[in-house]
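Observations on chain architecture
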Amino acid sequence: MRDLIIVGAGPAGLTAGMYAARARLNVVLFERMAPGGQVLLTDIIENYPGFPDGISGFELMDRMRKQAEKFGLTIENREVLSFKFDHELKTVVTDKGEEQAQAVILASGANPRKLGIPGEELLTGKGVSYCATCDGPFYRDLEVAVIGGGDTAVEEALFLTKFATRVYLIHRRDQLRATKILQERVMENDKVKIIWNTVPLEILGDKAVEAIELKNVKTSEQSTLKIQGVFIFIGYEPNTQVLQGLIELDELGFIKTNAIMETSVPGVFAAGDIRSKNLRQISTAVGEGATAAFSAEKYLENSK
């Protein structure tokens, strides 16, 4: 039996793993994909301290992984299927068998939220995307739409201007929610046209995206915009499906914790985008990962 199991190898999980390994806990980290999480898909990160010229998401996460492994963290490629939380024993059921530990840190993040409109599921991978960094190069000299108004939507819209001839940024409100510096950049970019007070109704196309049906929320006027790609950035949904009924979640499905990352189950901690919180950034995930590992270490000491 291990001291600690960490689920998820994004910034929060890798930081927790590094701290736990340095504390010489018997710890293992499970990740079903490549270590790095959603950050791997980010073209350039310029708001993480220490990198004044920015750094790619891949390079930052590769450095975090190497640093954690340097201190002895074991990372295993496993998909977690379910949990069993007894008072003194936590069981993590994976696609490669069960593992038990005295404590668990949940850091499995969140996935992009979908619009839920006709044509979205049908055309996903055929013009509908949730990752500009992954798919942007396929839209060289074409016109695309970006749905959303937060930091991610604006960052990805700006990234797409490297390839597309025109990027339509479609936002349901009359002002963006993105950081001011990002707003300034997108307003100054001639390739970006912002369509205010508008929501998508349907994505049109047979074998590929051909257009998107739009509705102005103030006038109710509907229009059809011809484009070849739709990129959706309207927030995230937490990876907490297997935790339903086991742990206290908020109304959106994110895990509730206190200031030291304790959940409603003793010995179970949470960090990163899976938590119920206001700000989801790499810097906050790193701090929460360190806090969760420290709290888990104290919990283990008190248990003994």
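The structure we're discussing is the one just above.
Below is a summary of the structure that appears in this document. (Residues numbered from 1 in each chain as written. Predicted model: local features only at pLDDT ≥ 70, side-chain atom pairs only at ≥ 80, totals over all residues. Heavy atoms only, no water.)

1. Comments concerning the nonpolar core
The line we're drawing: Remark: nonpolar core denotes a set of buried residues (Ala, Val, Leu, Ile, Met, Phe, Trp, Tyr, Cys) joined through side-chain atoms within 4.5 Å. Residue burial is assigned from relative accessible area. The probe radius is 1.4 Å, only protein chains are included, and a residue is buried under 20% of its type maximum, exposed over 50%, and partly exposed in between. Helix numbers and strand numbers start at the N terminus; a helix is a DSSP run of H or I with at least 4 residues, a strand a run of E with at least 2. A contact between two residues is defined here by any heavy atoms of the two lying within 4.5 Å.
Grouped together as the largest cluster of nonpolar side chains are 35 residues, with contacts concentrated most on Leu4, Met64, Ile105 and Ile282. Of all the secondary structure elements, the ones that give two or more residues to this core are strand E1 (2-7), helix H1 (11-22), strand E2 (27-31), helix H2 (57-70), strand E6 (97-106) and helix H6 (282-303). If one sorts the elements of this core by residue count, H6 sits on top with 8 residues. Among residues more than four places away in sequence, those in contact with Leu4 are Ala20, Leu25, Asn26, Val27, Val28, Ala101, Ala103, Val104, Ile105 and Ala296. Core analysis: the second largest hydrophobic core is formed by 22 residues, Tyr139, Val146, Leu169 and Phe233 among them.

2. Some points on the packing of aromatic side chains
When we look at a pair of aromatic rings, we describe it by the centre distance and by the angle of the planes. The criterion, for reference: Each Phe, Tyr or Trp ring (for Trp, its six-membered ring) is paired with any other whose centre lies within 6.5 Å, and the angle between the two planes then decides the class: stacked below 30 degrees, edge-to-face above 60, tilted in between. Here, a charge over a ring is recorded when the distance from Lys NZ or Arg CZ to the ring centre is within 6 Å and its angle to the ring normal is within 35 degrees.
For the coordinates displayed, the defined rule picks out 5 aromatic pairs. Summarising the aromatic geometry, the rings of Tyr48 and Phe51 are spaced 6.3 Å apart at their centres and angled 25° between planes, so their arrangement reads as stacked. A ring pair is formed by Tyr139 and Phe231, whose centres lie 5.3 Å apart and whose planes are at 75°; its orientation type is edge-to-face. Of this pair, Tyr139 sits in the loop between helix H3 (132-135) and strand E9 (143-147) while Phe231 is found in strand E15 (residues 229-232), placing the two residues 92 residues apart along the sequence. Each member of the pair, Tyr139 together with Phe231, is buried. For Arg22, the ring lying beneath its charged end belongs to Phe71, and the centroid distance is 5.1 Å.

3. Focus on unusual backbone geometry
The backbone phi angle of Arg24 is positive, close to 65°, even though this residue is not glycine. As for its position among the elements, Arg24 is in the loop between H1 and E2. A relative accessible area of 64% means that Arg24 is categorised as exposed.

4. Considerations on helix H5 (residues 180-188)
Rules: Arc definition: it is the arc formed by the directions from the helix axis to the C-beta atoms.
Within the span of H5, buried status applies to Leu182, Gln183 and Val186. For H5, the buried positions fall inside an angular range of 100° around the axis, keeping them on one side. For H5, the exposed residues lying more than 90 degrees away from the buried face are Lys180 and Glu188. Where H5 is buried, its residues meet helix H4 (151-160), strand E10 (166-170) and strand E11 (192-195).

5. A look at the sheet that holds strand E14 (residues 222-226)
The line we're drawing: When DSSP finds two or more bridges between two strands, those strands count as paired. Each axis is a line fitted through C-alpha atoms, taken for helices only over the stretch in contact, and angles between the N-to-C directions span 0 to 180 degrees.
Judged by pairing direction, the sheet is antiparallel, and its 3 strands sit side by side in the order E12-E13-E14 without closing on themselves. Across the chains shown, the open sheet's two edge strands, defined by having one partner strand only, are strand E12 (198-204) and E14. Direction aside, the axes of adjacent strands within the sheet are offset by 30° on average. Both E12 and strand E13 (residues 211-216) contribute to a ladder of 6 bridges, which runs antiparallel. If you follow Ile203 over to E13, its bridge partner there is Ile212.

6. A word on H2
Applied cut-off: How far a helix is expected to stretch is found by multiplying one less than its residue total by 1.5 Å.
With 14 residues, H2 extends 20 Å from end C-alpha to end C-alpha; this agrees with the ideal 20 Å at 1.5 Å per step. For H2, the full list of buried residues reads Gly57, Leu60, Met61, Asp62, Met64 and Ala68. Among the structural elements, H1 and H6 are those in contact with the buried residues of H2. After H2 finishes, the residue Gly72 shows a positive phi value of roughly 105°.

7. Looking at the pattern of salt bridges
What counts here: By convention in these notes, a salt bridge is any Lys or Arg side-chain nitrogen within 4 Å of a carboxyl oxygen on Asp or Glu.
In the structure shown here, the tally under the stated rule is 16 salt bridges. The salt bridge involving Lys66 is made with Asp62; its shortest N-O contact spans 3.2 Å. You can see Lys66 and its partner Asp62 sitting in helix H2, 4 residues apart, about one turn around the helix. A salt bridge links Asp174 to Lys218; the nearest nitrogen and oxygen atoms lie 3.8 Å apart. Of this pair, Asp174 sits in the loop between E10 and H5 while Lys218 sits in the loop between E13 and E14, and the two are 44 residues apart along the sequence. According to the relative accessible area criterion, Asp174 is partly exposed, its value standing at 46%. Looking at Lys218, the relative accessible area reads 60%, which means it is exposed. Residues joined in a network through salt bridges with shared partners are Arg2, Glu76, Arg78 and Glu99.

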